[in-house]
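Residues per chain, in single letters:
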Amino acid sequence: MIDLYSTATPNGHKVHIMLEECGLAYRSHHIDIGKGDQFTPAFLKISPNNKIPAIIDSDGPDGKEMSLFESGAILVYLASKVGKFLGDTDREKFTTLQ
Ligand SMILES: N[C@@H](CCC(=O)N[C@@H](CS)C(=O)NCC(=O)O)C(=O)O
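Considering the sheet that holds strand 4 (residues 66-69)
- Ordered by their spatial adjacency, 4 strands build an open sheet running 2-1-3-4, and the pairing between neighbours is mixed. Lying at the two open borders of the sheet, with one neighbouring strand each, are strand 2 (26-30) and strand 4. Taking the axes of each pair of neighbouring strands and ignoring which way they run, one obtains an average angle of 15° across the sheet.
- Alignment of strand 3 (residues 54-57) against strand 4, held across 4 bridges, turns out to be antiparallel. Bridging from a neighbouring strand, Ile56 pairs with Ser67 of strand 4.
- With respect to the sheet, helix 1 (residues 10-22) is in contact with strand 1 (2-6), strand 2 and strand 3, its orientation differing from that of strand 1 by roughly 155°.

Quick word on the pairing of strand 1
- Summarising burial for strand 1: 5 of the 5 residues are buried, a large majority.
- Judged by which residues are buried, strand 1 turns out to be covered on both faces: Ile2, Leu4 and Ser6 on one side and Asp3 and Tyr5 on the other are all buried.
- Bridge count between strand 1 and strand 2: 5 bridges; the pairing is parallel. Looking at strand 2, one finds that Leu4 is bridged to Ser28.
- Taken together, strand 1, helix 1 and strand 2 form a β-α-β motif whose crossover is right-handed.
- For strand 1 and strand 3, the ladder comprises 4 bridges, and the chain directions are antiparallel. Across the sheet, Leu4 pairs through a bridge with Ile55, a residue of strand 3.

How each quantity is defined
Residues numbered from 1 in each chain as written. Predicted model: local features only at pLDDT ≥ 70, side-chain atom pairs only at ≥ 80, totals over all residues. Heavy atoms only, no water. Pairing = 2+ DSSP bridges. Helix = DSSP H or I, 4+ residues; strand = E, 2+ residues; numbered from the N terminus. Axes fitted to C-alpha atoms, helices over the stretch in contact; angles between N-to-C directions. Contact = heavy atoms within 4.5 Å. Buried < 20%, exposed > 50% of the residue type's maximum accessible area, 1.4 Å probe, protein only. Right-handed = clockwise from strand over helix to strand, strands pointing away.

What follows is the structure, given as structure tokens:
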């Protein structure tokens, strides 16, 4: 299960859209950045730069929990997890990443 910590901004939407496209099960947790939720000690443990989006994947690499922040890193992580969207060759992968 993936826990998503996010809000309705373009950076937040990216990860919601990607989770839907990947068909992965997830729970969504609203971080109200207008109220300062991003500065709570619990959220800073997940996202030390006090920014959404962030995820915790209970079934990460090697079956261990994986916590990630930065939307680009999360998109690449999710694409790798489902083996989709990054292409089959290095050329396709780097074209996608740019
Ligand atoms: N480079 C980051 C940017 C994330 C970002 O700027 N998040 C904003 C909302 S879109 C945020 O959480 N701001 C709260 C703050 O800076 O206190 C990413 O792509 O994830």
